[in-house]
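# Structural overview for review
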Amino acid sequence: MNVTRIARFFEERITPFGRKGDLQPPAGTLAFVWHYVRQAKGAFAGMAFFGGAVAVLEAALFYFVGRLVDMLAMAEREAGWSGFLTLYGPELALMAATVLVGRFVVVALGALIEEQIIVLNFFNLVRWQAYAHVARQSLTFFQNDFAGRIVTKVWSAGQASGDLMTSLLQVVWFMAIYTVSTLMLVGQLDWRLAAVVAVWIGVFAVLARYFVPRIRRHARQTAEASSMLNGRLVDSFSNIQTLKLFGREDDNDAYIRDGFERFQNTLRPFARLLTGVRSSLALLSGTMISMIAFLSIDLWLAGAITAGGVAFTLGLVLRLNMLLGRMMTQLNGIMRNLGTVQNSAELIAQPVTLTNRPDAAGLETPRAEIVFDRIAFGYHHDLPVIEDLSLTISAGEKIGIVGRSGAGKSTLVNLLLRFYDLDSGQILIDGQDIAAVTPQSLRRKIGMVTQDTALLHRSIRDNIAFGRPGAGDAEIWAAARQAEAAGFIADLVDQRGRRGLNAHVGERGVKLSGGQRQRIAIARVMLKNAPILVLDEATSALDSEVEAAIQDNLEGLMTGKTVIAIAHRLSTIARLDRLVVMDGGRIVESGTHSALVARGGLYAELWERQSGGFLGDGADAPVTERSGD
């Protein structure tokens, strides 16, 4: 069995991506950690066993040094190796076997468990499960926080949970075993030496009890300040074009510096506390080492212990001093990790607010009729956006939604996609309540192009094929041609020399123009070919020539589909089967373009106020809707 096979054996003990179903961890810090640790409890038990074994062997090494000093003192130098081995051969062989074989096996197995199981798999197990749970949160969850802050907490949860358990087992557990071993080995020489070591440990425990809770509190505050600063940095870099466009680099520098100063102010008392810890430990260890050294020499002068006993005792306590210092340093790290875990748990452990019913089934759309049945909704319950709205869209009907900004048009579409749950009423597709079907099956039946087109930082191929995973290049090119995108795609080259469909588009598609992003989004929906089509300002980023070319293809795409189109440019939707006019979250008019113009109501007013084909917002437009129309 070679080294690779041994490593693979340990690496396969945990499958980081195996757990499915309910991935929500509990909110309590220790319960949060245990939720993940129990999935790898065998590995951590092994880590504890071998960590304890290493501690015993560490103490035994100093005992061996003391025995060697005594052996050398009693052996006759003239007898050479043969005489020395005759007197102490079996004991020397046991020492050599322990150092060469036993210590190697214990350390190697401990390293395999830590590196191949814990670091490689457990860290990613926590990160993956935390990501999978957070990714299923509602849009509101993500709209209320920095994306960078969320990412930091998800990533840190895995690192901090793994580091916390590793530190507890490698340092605290190791230290506990080593301390007990030290007390036993020193105690067999003289009880007074053991008593001084016990006093040392007792004073250390008092210092730890004073400092550790304070370290934990400051660690949590520092983790929160760190995630805040990280969120500001990511937000700034994500919107770097806007910052440069408005020449606001200096103002943004002030905003970021404010974040740094908040982090600095949070970190300052923490740093002072740590200085106090280190100084206190230095004073304690210096005092105790001096006392033990004096007592050891006094006992040797009195003939109570041998010179080997003095060497063994001083070696043990010097190592103990180093370990106690390391332990307090690690307690700082442990409390930092505990604070980070607590900070991450507060976000990750939040329950998913949009959940499936236990009996949720897949949506079937033999006809694709949509019914909004007396629905009401508000982002805040005291600020309703839509009130008592009813609307039936027949199978294959193509309607336009019209209204001032804030009237509730985009909100209506978001409710159809079940990005939010209704406050009352229901939405039916072919008689099926969308709250009773899985969101994935619902959204697979709806193709949507929005005015704010964001692409994934992946290849053109991946972005278009998002509409239909597994689609071949021929189908992707066909969709691109329909969207008038094939020409510019063929000419694309990214910074790594990837061309055409292989070219990457940058974060949110920033390497493409607005019109190019819009055409990629249209190609994606054309490839998806869903029975329900939603167009929310689908051609708003296109110039007139390209828009005219795409309109014919869009009309072909609409054939046989139920269509909802939102447009401020009324000329783009005037030819649809029916126009629905919204105002203040209600439907106030409905009919064809010509009928509504003849009626002389709100639609006629909006049509009259257009200039160059665009709809004015109106000074009295409501402002309750968040997802701009």
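Structure shown above.
Here the structure is a predicted model, which means the values were calculated and not measured.

### Digging into the packing of aromatic side chains
- Summed over the entire model, instances satisfying the criterion amount to 11 aromatic pairs.
- Judged by centre distance (5.3 Å) and plane angle (85°), the rings of Tyr379 and Tyr420 are edge-to-face. Here Tyr420 lies in the loop between helix H11 (409–416) and strand E4 (424–429) and Tyr379 lies in the loop between strand E1 (370–377) and strand E2 (386–393), a separation of 41 residues in the sequence.
- For Tyr379, a relative accessible area of 15% translates into the label buried.
- Aromatic ring contacts, followed pair by pair, group Phe17, Trp128 and Tyr131 into a single cluster.
- Here Arg13 stacks its cationic end above the ring of Phe9, 4.2 Å away from the centre of that ring.

### A look at a nonpolar patch on the surface
- Together, Val99, Leu100, Val101, Phe104 and Val105 line one region of the surface with nonpolar side chains, adding up to about 480 Å² of accessible area.
- Along the polypeptide, Phe104 turns up in helix H4 (residues 80–134).
- The class of Phe104 is exposed, set by a relative accessible area of 57%.

### Examining the packing of helix H6 (residues 147–187) against helix H7 (residues 191–238)
- Viewed as axis vectors pointing N to C, H6 and H7 meet at an angle of 175°, and their least axial separation amounts to 13 Å. One finds that H6 runs roughly antiparallel with respect to H7. Across the interface between the two elements, Gly148, Arg149, Thr152, Lys153, Thr179, Thr182, Leu183, Val186 and Gly187 from H6 touch Trp191, Leu193, Ala194, Val197, Ala198, Ile201, Glu224, Ser227, Met228, Asn230, Gly231 and Val234 from H7.
- Class assignment of the residues belonging to the contact of H6 with H7 gives a composition of 10 nonpolar, eight polar and three charged.

### Points about the pairing of E1
- Most of E1 is tucked away, with six of its eight residues classed as buried.
- Of the strand pairs in this sheet, E1 and E2 are connected by five bridges, and their pairing is antiparallel. Following the sheet pairing, Phe377 is matched in E2 by Ile386.
- Direction of pairing for E1 relative to E4: antiparallel, over a ladder of five bridges. Bridge pairing links Ala376 to Ser424 in E4.

### Let's talk about the nonpolar core
- Among the nonpolar cores identified, the biggest contains 80 residues, and Phe44, Phe122, Trp200 and Ile348 are the most heavily contacted of them.
- Of all the secondary structure elements, the ones that give two or more residues to this core are helix H2 (29–37), helix H3 (41–74), H4, H6, H7, helix H9 (249–301) and helix H10 (307–348).
- For Trp200, the residues in contact, after removing those within four places along its chain, are Leu284, Ser285, Met288, Ile289, Ile292, Val317, Leu320, Asn321 and Leu324.
- If you look at the next biggest cluster of nonpolar residues, it comprises 44 residues, including Leu455, Ala503, Val563 and Ala565.

### Focus: the environment of Glu114
- If you trace the backbone, Glu114 turns up in helix H4.
- Taking the C-alpha atoms as reference points, Glu114 and Gly162, 48 residues apart in sequence, are found 9.8 Å from one another.
- For Glu114, the contacting residues outside a window of four places in its chain are Met47, Val119, Thr166 and Gln170.

### Considering the pairing of strand E9 (residues 578–583)
- Across the six residues that make up E9, a large majority, five, are buried.
- Bridging between strand E3 (residues 398–402) and E9 involves four bridges; their strand directions are parallel. Residue Val402 lies in a different strand from E9, and its bridge partner there is Val581.
- Connecting E9 to the next strand, strand E10 (residues 586–591), in antiparallel fashion are two residues, including Gly584 with a positive phi near 60°.

### Quick word on the packing of H2 against H4
- Two elements in contact, H2 and H4, have axes separated by 10 Å at closest approach and are oriented at 115°. Here H2 is positioned roughly perpendicular relative to H4, judged by the angle of their axes. Handedness of the crossing formed by H2 with H4: right-handed. Of H4, the residues touching H2 (which contributes His35, Tyr36 and Val37) are Phe122, Leu125, Val126, Gln129 and Ala130.

### Points about the sheet that holds E9
- Ordered in space as E6-E7-E8-E3-E9-E10, the six strands form an open sheet in which the pairing is mixed. The open sheet is flanked by strand E6 (446–449) and E10, the only strands paired with a single partner. Going from strand to strand, the sheet's axes swing by 20° on average, the running direction of each strand aside.
- One ladder, built from four bridges, connects E3 with strand E8 (residues 562–566); its direction is parallel. In the strand pairing of E8, Ile401 is matched with Ile566.
- Strand contacts of H11: E3, E6, strand E7 (532–536), E8 and E9, with the helix running at about 145° to E8, the strand carrying the most contacts.
- Across the face of the sheet, helix H19 (residues 602–609) comes into contact with E3, E9 and E10 while running at roughly 95° to E9.

Cut-offs applied
- Each chain has its residues counted from 1, following the order in which its sequence is written.
- With pLDDT at 70 or above as the cut-off, local features in this predicted model cover only qualifying residues; side-chain atom pairs require 80 or more to be listed or tallied, and sums for whole chains, interfaces and linings still use all residues.
- Side-chain metrics rest on all non-hydrogen atoms present in the structure, leaving aside hydrogens and water.
- Pairing of aromatic side chains here covers Phe, Tyr and the six-membered ring of Trp, requires ring centres within 6.5 Å, and sorts the geometry by plane angle: under 30 degrees stacked, over 60 edge-to-face, intermediate tilted.
- Numbering of helices and strands starts at the N terminus; helices are DSSP runs of H or I of at least 4 residues and strands are runs of E of at least 2.
- Each residue gets one of three labels from its accessible area relative to the maximum for its type: buried under 20%, exposed over 50%, partly exposed in between, using a 1.4 Å probe on protein chains only.
- Counting as a charge over the ring demands two things of the Lys NZ or Arg CZ atom: a distance within 6 Å of the ring centre and an angle within 35 degrees of the ring normal.
- What makes a patch is a set of residues exposed beyond 30% relative accessible area and free of salt bridges, joined within 9 Å when like-charged and within 5 Å when nonpolar (Val, Leu, Ile, Met, Phe, Trp, Tyr).
- The Shrake-Rupley method, run with a 1.4 Å probe, gives the accessible areas here. Residue values count only the displayed protein chains as cover.
- In what follows, salt bridge is the name for a side-chain nitrogen of Lys or Arg lying within 4 Å of a carboxyl oxygen of Asp or Glu.
- Orientation is described by axes fitted as lines to C-alpha atoms, over the contacting stretch for helices, and by angles from 0 to 180 degrees between their N-to-C directions.
- Orientation is classified from the angle alone, with under 35 degrees giving roughly parallel, over 145 giving roughly antiparallel, 65 to 115 giving roughly perpendicular, and any other angle giving oblique.
- In this description, contact between two residues means that some pair of their heavy atoms is separated by no more than 4.5 Å.
- All amino acids are sorted into three groups, where Ala, Val, Leu, Ile, Met, Phe, Trp, Tyr, Cys and Pro are nonpolar, Asp, Glu, Lys and Arg are charged, and the leftover types, Gly among them, are polar.
- Two strands qualify as a pair provided that DSSP identifies no fewer than 2 bridges between them.
- Nonpolar cores are built from buried Ala, Val, Leu, Ile, Met, Phe, Trp, Tyr and Cys residues. Side-chain atoms within 4.5 Å join them into one set.
- Take the far helix as your reference; a near helix turned counterclockwise from it by less than a right angle gives a left-handed crossing, and one turned clockwise gives a right-handed crossing.

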